[in-house]
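# Chains, contacts and geometry: an overview
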Amino acid sequence: TYYADSDHDGFGSSTDAGTIYCTAPNGLVSNNSDCNDNNVAINPLAQEVCDANDVDEDCDGMADDADASSLGKSIYYADADLDGFGAVTATGALFGNPPAGYVTIKTDCNDANAGIHPNAQEICDANTIDENCNGLSDDADPAATGKTVYFLDADADGFGDANTTGTAFCLQPPLMTVNNTDC
């Protein structure tokens, strides 16, 4: 039994019922294992490659992420809060076409809060949260916004020294005040 091989890749069409001959006529082959006989790059000996259309290049019934032999996969990490960053502690998975909610970066220090990630703005807050995941928060982070300028109040009378320059802090330090009117 011989099968049509329209793309001339050595594999006959899997949809061809075949015809019995004593010797193979030109353009026919003795197997019918080609899942796409119109494309020479698709046949049982082709390499599976991850692509946007999930083409089964090697005719094994599996394409891209479903096929363990696929080339072109990258490591992706789950992004639970969908802020574009996977958790620092995330374990990666190989995908050619990742499902929604997976990213290639795992630098999020809090993947349960979309407002906390490496590109977030560090802001002064009562809980001293590290919003930008750089290991520093509030007064320790020079990039923090929302700081107030305080002046030294050495005598603790509520008025800062008029001869000093202020320093910006998120939280008011001891012996400091927001004005500098003490003569």
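Residues numbered from 1 in each chain as written. Predicted model: local features only at pLDDT ≥ 70, side-chain atom pairs only at ≥ 80, totals over all residues. Heavy atoms only, no water.

### Description of the overall build of the protein
Helix and strand counts for the protein stand at zero helices and eight strands. The order of helices and strands in the protein, counted from the N terminus, is β-β-β-β-β-β-β-β. In summary, the protein has a C-alpha radius of gyration of 33 Å against a globular reference of 16 Å for 183 residues, an excess of more than 25%. Principal-axis analysis of the C-alpha atoms gives the protein an extent of 115 × 20 × 15 Å. For the protein, the proportion of its 183 residues judged to be buried stands at 33%. Contacts in the protein between residues far apart in sequence, at least 24 positions, make up 31% of those at least 6 positions apart. When the accessible surface of the protein is split by element, carbon and sulfur atoms take 55% of a total near 10,400 Å². (Helix = DSSP H or I, 4+ residues; strand = E, 2+ residues; numbered from the N terminus. Rg over C-alpha atoms; globule rule 2.2 N^0.38 Å. Buried < 20%, exposed > 50% of the residue type's maximum accessible area, 1.4 Å probe, protein only. Contact = heavy atoms within 4.5 Å. Areas by Shrake-Rupley, 256 points an atom, 1.4 Å probe, with all protein chains shown as cover.)

### A look at the pairing of strand β3 (residues 74–78)
Summarising the sheet, β3 and strand β4 (residues 93–95) pair through three bridges and their orientation is antiparallel. Bridge assignment links Tyr-76 to a residue of β4, and that residue is Ala-93. Sheet analysis places β3 next to strand β5 (residues 102–103), joined by two bridges and oriented antiparallel. Across the sheet, the residue bridging to Tyr-77 is Val-103, located in β5. (Pairing = 2+ DSSP bridges.)

### Description of the packing of aromatic side chains
Tallying each qualifying case throughout the model produces four aromatic pairs. Seen from their ring centres, Phe-95 and Tyr-102 are 5.1 Å apart, and the 65° between their planes marks the pair as edge-to-face. The exposure class assigned to Phe-95 is buried, which follows from its relative accessible area of 16%. By relative accessible area, which is 32% here, Tyr-102 ends up partly exposed. By the ring-pair criterion, three or more aromatic residues cluster together here, those being Tyr-76, Phe-95 and Tyr-102. (Phe/Tyr/Trp six-rings, centres within 6.5 Å; stacked < 30°, edge-to-face > 60°.)

### A closer look at the sheet that holds strand β6 (residues 148–152)
Strand order in the open sheet made by the three strands is β7-β6-β8, with antiparallel pairing throughout. At either margin of the open sheet sits one strand with a lone partner, and together these are β7 (167–169) and β8 (176–177).

### Overview of the environment of Thr-128
In this structure, Thr-128 sits in the loop between β5 and β6. Spatially, the C-alpha atoms of Thr-128 and Leu-171 are 9.5 Å apart, while their sequence positions differ by 43 residues. Beyond its immediate stretch of four places on either side in the chain, Thr-128 contacts Ser-137, Asp-138 and Leu-171.

### Some points on the state of the cysteines
The final tally for this structure, using the stated rule, is three disulfides. Each sulfur of the disulfide joining Cys-109 and Cys-133 lies 2.2 Å from the other. Residues Cys-109 and Cys-133 are joined through a disulfide that is left-handed, its torsion about the S-S bond being -80°. With Cys-109 in the loop between β5 and β6 and Cys-133 in the loop between β5 and β6, this residue pair connects regions lying 24 residues apart in the sequence. (Disulfide = S-S within 2.5 Å.)

### What to know about the sheet that holds β5
Pairing within the open sheet is antiparallel, and its three strands lie in the order β4-β3-β5. Either end of the sheet is taken by a strand with one partner, and the two such strands are β4 and β5.

### Describing the side chain of His-117
Here His-117 shows up in the loop between β5 and β6. Judged by relative accessible area, His-117 falls into the buried class, the value being 14%.

### Quick look at the confidence of the model for the protein
The predicted model of the protein averages 95 in pLDDT, with 100% of residues at 70 or higher. Predicted confidence in the protein is weakest over β4, with a mean pLDDT of 94, and strongest over β5, with 97. (pLDDT = per-residue confidence, 0-100.)

### Concerning the environment of Gly-12
Among the structural elements, Gly-12 can be located in the loop between β1 (3–4) and β2 (28–29). With relative accessibility at 0%, the residue Gly-12 sits in the buried group. Along the primary structure Gly-12 and Asp-37 are separated by 25 residues, whereas in three dimensions their C-alpha atoms are 6.8 Å apart. If sequence neighbours within four positions are ignored, Gly-12 has contacts with Tyr-3, Ala-4, Asp-5, Val-29, Asn-31, Asn-32, Ser-33, Asp-34 and Asp-37.

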